[in-house]
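Remarks on the overall topology
Now for the letters of each chain:
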Amino acid sequence: MIKVYSGNLREAKHKLLKELFLFDILRRYNIGTPKVVFKDTEGELIGRPFLVKQWIYGESADKIIERSYCSLPCIKLISKTLVKVHKVPLDVIDKSLFKIPKNIHERIISELMLIKVLSKRLKLRLDSVLSWLKDNIPRSKRLVLLHGDYNLDNILIDKRLKLYLVDLESAKVGDPMDDLSYSYIFLKFKERQSRKLRGIAPKFLLEYGSCLPIDYDMLEYYRLFNATKLMVFLIYLRKYLVKKYLILYPLLDTLFLRPMINYLKEIIKSYIPGIEVL
């Protein structure tokens, strides 16, 4: 598996080094990650920094979970792995690769500003949502290592039910409810796509809560925060894809983008009734 990193050379190198560090450190805590067989941190060979990772003979959790006999064991495995990630001590994290925030307030404000800029560019009416999120930022009780993009497509599971985290580019330090709510959103969306998978999202929370405490008020805040962030990003991505990938766009839009965006709108409206975002 080859991964080429995006951004300018400095950004791409930082992403590579961060992921390389995490592949190694997570294995020390019994969390499956691919082994790196070659790295080019300076982009000398193809003009971009890249990694060559050992091939993993497995399938994405998104596919495995659809098999009725695998859904519950898979959810349990996914939940327990997130617990392991959140239990990694912060004192082993390389401070040159990760910014350890003094408080979550500053990071959320920064992300809300970016969402606001993008929403204005996309002509979305999100002022009331963003104002609510800004005025109700909760106080984080603990900081942990976050995966940052913990959804089924970023997880591989082999025949022995060993789980591998294959994309750690979005990892950061923050409140664990951020990760938990993000995963919950994707699992609820998966439930909507298949009746036989109903109940996997609550089961995920139940399994996590059996190992680590869940702050449900914090979880609800991050559910709205992540739904808003994801919706803006996907609408932005939609406009980009329709210009660049005319052949693939209709299929992707029908199967994922349109239904996911509509689902995220529903989440936002459940918090702020009567809002129209488009």
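Criteria and thresholds
- Residues numbered from 1 in each chain as written.
- Predicted model: local features only at pLDDT ≥ 70, side-chain atom pairs only at ≥ 80, totals over all residues.
- Heavy atoms only, no water.
- Helix = DSSP H or I, 4+ residues; strand = E, 2+ residues; numbered from the N terminus.
- Contact = heavy atoms within 4.5 Å.
- Areas by Shrake-Rupley, 256 points an atom, 1.4 Å probe, with all protein chains shown as cover.
- Patch = residues over 30% accessible without salt bridge, like charges linked within 9 Å, V, L, I, M, F, W, Y side chains within 5 Å.
- Salt bridge = Lys/Arg side-chain N within 4 Å of Asp/Glu carboxyl O.
- Pairing = 2+ DSSP bridges.
- Axes fitted to C-alpha atoms, helices over the stretch in contact; angles between N-to-C directions.
- Buried < 20%, exposed > 50% of the residue type's maximum accessible area, 1.4 Å probe, protein only.
- Arc of directions from axis to C-beta.
- Parallel < 35°, antiparallel > 145°, perpendicular 65-115°, else oblique.
- Nonpolar A, V, L, I, M, F, W, Y, C, P; charged D, E, K, R; others polar.
- Left-handed = near helix turned anticlockwise from the far one by under 90°.

**A look at the overall build of the protein**
Within the protein, the secondary structure is distributed over nine helices and eight strands. Based on the C-alpha atoms only, the size of the protein along its principal axes is roughly 55 × 45 × 45 Å. If you take every contact in the protein between residues at least 6 apart in sequence, the share linking residues at least 24 apart comes to 75%. When the accessible surface of the protein is split by element, carbon and sulfur atoms take 56% of a total near 14800 Å².

**A few points about a nonpolar patch on the surface**
A contiguous nonpolar patch, built from Ile2, Val4, Val37, Phe38, Leu45 and Ile46 and spanning about 610 Å² of accessible area, is present on the exposed surface. Every element with two or more residues in the nonpolar patch is listed here: strand E1 (2–4) and strand E2 (36–40). By the element assignment, Val4 lies in strand E1.

**Overview of the pairing of strand E3 (residues 50–53)**
Strand direction decides the pairing type here: E1 and E3, joined by three bridges, are antiparallel. Opposite Val4, over in E3, you have Phe50 as the bridge partner. In the sheet, E2 pairs with E3 via four bridges, with the strands oriented antiparallel. Among the inter-strand pairings, Lys39 is bridged to a residue of E3, identified as Leu51.

**As for the sheet that holds strand E7 (residues 163–165)**
Read from one edge of the open sheet, three strands run E4-E6-E7, paired in antiparallel fashion. Every interior strand has two partners, whereas the edge strands, strand E4 (58–60) and E7, have only one. Strand-to-strand, the axes of this sheet are offset by a mean angle of 30 degrees, without reference to chain direction. Contacts from helix H3 (residues 68–86) reach strand E6 (155–158) and E7 within the one sheet, and its direction differs from that of E7 by about 45 degrees.

**Some points on helix H5 (residues 127–135)**
Residues spaced three or four apart along an α-helix point in a common direction, a consequence of the helix completing one turn every 3.6 residues. Every buried residue of H5 is listed here: Val129, Leu130 and Leu133. Taken around the axis of H5, the buried residues stretch over an arc of 95 degrees, which confines them to a single face. Exposed residues pointing more than 90 degrees away from the buried face of H5 are listed as Lys134 and Asp135.

**Quick look at the environment of Ile109**
With respect to the secondary-structure elements, Ile109 resides in helix H4 (residues 104–121). As a C-alpha pair, Ile109 and Asn154 span 45 residues in sequence and 27 Å in three-dimensional space. For Ile109, the residues in contact, after removing those within four places along its chain, are Lys134 and Ile137.

**Concerning the pairing of E6**
Neither face of E6 is left uncovered, since the one carrying Ile155 and Ile157 and the one carrying Leu156 and Asp158 both have all their residues buried. Across three bridges, the pairing between E4 and E6 is antiparallel. In the sheet register, Gly58 faces E6, and the bridge partner there is Asp158. Of the pairings in the sheet, the one linking E6 to E7 comprises three bridges and is antiparallel in character.

**Considerations on the environment of Lys39**
Looking at the element boundaries, Lys39 is found in strand E2. In this structure the C-alpha to C-alpha distance between Lys39 and Val52, which are 13 residues apart in sequence, comes to 6.2 Å. Ignoring sequence-local partners within four residues, the contact set of Lys39 consists of Leu20, Phe50 and Leu51.

**Points about the packing of helix H6 (residues 176–193) against helix H7 (residues 200–209)**
Their axes nearest at 8 Å, the elements H6 and H7 cross at an angle of 155 degrees. In this view, H6 runs roughly antiparallel relative to H7, as classed from their interaxial angle. Across the interface between the two elements, Pro176, Met177, Leu180, Ser183, Tyr184, Leu187, Lys188, Lys190 and Glu191 of H6 pack against Ile200, Ala201, Pro202, Phe204, Leu205 and Tyr208 of H7. A breakdown of the residues in the contact of H6 with H7 according to their chemical character gives eleven nonpolar, one polar and three charged.

**Description of the sheet that holds E3**
Here three strands make up an open sheet; going across it, the order is E1-E3-E2 and the pairing antiparallel. The open sheet has two edge strands, E1 and E2, and neither has a second partner. Each neighbouring strand pair of the sheet contributes to a mean axis angle of 15 degrees, computed without reference to strand direction. Its contacts with the sheet put helix H1 (residues 9–28) on E1, E2 and E3, and the angle it makes with E3 is roughly 30 degrees.

**Quick look at the packing of H3 against H6**
Their axes nearest at 11 Å, the elements H3 and H6 cross at an angle of 160 degrees. With respect to H6, the element H3 is oriented roughly antiparallel. In this structure, H3 crosses over H6, and the sense of that crossing is right-handed. Across from Ile75, Leu82 and His86 in H3, the residues of H6 making contact are Pro176, Asp179, Leu180, Ser183 and Leu187. Along the lines of polarity and charge, the residues of the contact of H3 with H6 split into five nonpolar, two polar and one charged.

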